[in-house]
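Working through the structure, step by step
This is what each chain is made of:
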Number of protein chains: 2
Amino acid sequence: MTAPEVPGRRQTRQRSAVLALLDELDGFRTAQDLHALLRERGDAVGLATVYRALQALVDDGLVDVLRGSDGEAAYRRCSPVHHHHLVCRSCGRTVEVADPPVERWATRVAAEHGFADVQHQLEVFGTCSSCTAAG
Amino acid sequence: MTAPEVPGRRQTRQRSAVLALLDELDGFRTAQDLHALLRERGDAVGLATVYRALQALVDDGLVDVLRGSDGEAAYRRCSPVHHHHLVCRSCGRTVEVADPPVERWATRVAAEHGFADVQHQLEVFGTCSSCTAAG
DNA sequence: CGTGTTCATGAGAATCATTCTCGCATAAGC
DNA sequence: GCTTATGCGAGAATGATTCTCATGAACACG
């Protein structure tokens with residue numbers, strides 16, 4: 001389906017498998033999860049390769065990373081435009097949200113304190129309606 | 001200086017040392033850093049104890065945690081009111097900033113998507129004026 | 001369509017932050 | 001002072017991530 005040709009990046013079975021898997025999945029998944037899933041479906045890929053593929057995808061802007069409170073990295077296939085996430089802390093379901101006001105606010109506050117080259121990172125966590133219902 | 005008596009929490013030399021050190025320091029420091037600093041100044045404290053102390057301080061709301069891009073946790077003595085950080089990515093200097101608009105925005109967006117129990121995490125990174133000048 | 005160069009892969013070892021274990025010390029309450 | 005739960009320390013254990021290095025495969029070129 002998606003065949004993103006990034007210059008200087010070779011197209012291998014393993015890399016496609018990782019990206020294809022991420023395409024199917026909804027929320028953020030850890031590298032270990034993805035590795036286990038690939039292995040389950042018989043499409044065996046080395047763990048180190050999963051890490052390498054994910055890093056490449058992140059570098060190319062095709063995937064977003066999120067660090068959980070335990071420090072474990074979670075990955076998700078994302079749209080390339082700037083956005084933030086609304087993540088269900090129970091089922092991991094994710095909604096992408098844009099936030100023009102926050103962008104402006106961050107830039108302004110940073111400028112007021114003499115900071116240049118500003119980046120920001122924002123995630124919103126909550127419990128989605130299904131999980132609230134499920135109790 | 002600060003002698004925060006938290007009920008159910010014993011006051012020991014080690015715990016005071018960790019908190020005192022954090023009081024002196026400006027930016028975010030990793031547990032390993034803090035441990036090394038304590039050891040340098042002769043005030044030896046076990047590494048495991050530093051971790052335990054920091055966790056307790058975080059639980060008591062006296063210290064904030066931040067996860068770097070490498071997943072390593074960094075700690076900083078902070079004011080107990082809700083706030084976010086403006087962090088210099090070069091020297092680590094930190095400014096606490098409040099952000100009523102973002103609070104409201106996060107809550108509203110979450111509600112629109114049916115999410116309850118909302119929390120958010122926001123950090124702004126940049127290069128502070130001194131570091132920009134120093135090139 | 002071969003073929004060589006270069007980059008990717010995989011298995012396992014290595015690294016490194018963090019947590020656990022467990023016997024000993026000590027703060028707090030009486 | 002005495003008791004007792006709690007904290008401490010050293011080192012082992014855990015677990016995610018990265019490195020190593022020999023093998024394999026993609027791509028450019030003829």
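Residues numbered from 1 in each chain as written. Chains lettered and ligands numbered in written order. Predicted model: local features only at pLDDT ≥ 70, side-chain atom pairs only at ≥ 80, totals over all residues. Heavy atoms only, no water.

**Side note on the pairing of strand β6 (residues 116–127) of chain B**
- Bridge analysis of strand β6 (residues 116–127) of chain A against β6 of chain B gives 9 bridges, and the strand direction is antiparallel. Across the sheet, residue A116 of chain A finds its bridge partner in β6 of chain B, namely T127 of chain B.
- Judged from the 4 bridges that link them, strand β4 (residues 84–88) of chain B and β6 of chain B form a sheet pairing that is parallel. When the bridges of β6 of chain B are listed, V87 of chain B appears paired with F125 of chain B. (Pairing = 2+ DSSP bridges. Helix = DSSP H or I, 4+ residues; strand = E, 2+ residues; numbered from the N terminus.)

**Remarks on the UniProt feature "binding site: Zn(2+)" (unreviewed entry) in chain A**
- Per the UniProt annotation, the sites labelled "binding site: Zn(2+)" (unreviewed entry) are C88, C91, C128 and C131 of chain A. With the annotated positions falling across 44 residues, the maximum pairwise C-alpha distance of 8.3 Å places them together in a single cluster.
- Following the sequence through the fold, C88 of chain A ends up in strand β4 (residues 84–88).
- Apart from residues no more than four positions distant in its own chain, C88 of chain A is found in contact with R93, G126, T127, C128 and C131 of chain A together with F115 of chain B. (UniProt positions renumbered as here; feature names shortened; annotations may be inferred. Contact = heavy atoms within 4.5 Å.)

**Thoughts on the interface of chain A and chain B**
- With 38 residues of chain A at the contact, the number on the chain B side is 38 residues.
- Both faces considered, chain A and chain B share a buried interface measuring about 3000 Å² in area, 64% of it formed by carbon and sulfur atoms.
- Ranking the residues of chain A by area buried against chain B places W105, F115 and Q121 of chain A at the top, with a combined share of 24%.
- Between chain A and chain B we count 0 salt bridges in total.
- Looking at the side of chain A that touches chain B, the elements that each hand over two or more residues are β4, β5 (94–97), α4 (100–112), β6 and α5 (129–134) of chain A.
- The element best represented in the side of chain A that touches chain B is β6 of chain A, accounting for 12 residues.
- Of the residues belonging to the side of chain A that touches chain B, the class tally is 19 nonpolar, 12 polar and 7 charged. (Buried area = accessible area lost by both parts, 1.4 Å probe. Salt bridge = Lys/Arg side-chain N within 4 Å of Asp/Glu carboxyl O. Nonpolar A, V, L, I, M, F, W, Y, C, P; charged D, E, K, R; others polar.)

**Focus: the relation of the copies chain A and chain B**
- For the pair chain A and chain B, the best superposition has an RMSD of 0.1 Å and corresponds to a rotation of 180° with a translation of 0.0 Å parallel to the axis. Both copies of the chain, as the preceding transformation shows, are related through a two-fold rotation axis. Nearest to the rotation axis, the C-alpha of L122 of chain A is located 2.2 Å from it, this being the minimum over chain A.
- Both copies share a contact surface, since 100% of the interface residues of chain A are interface residues in chain B too. (Least-squares fit on C-alpha atoms with pLDDT ≥ 70 in both.)

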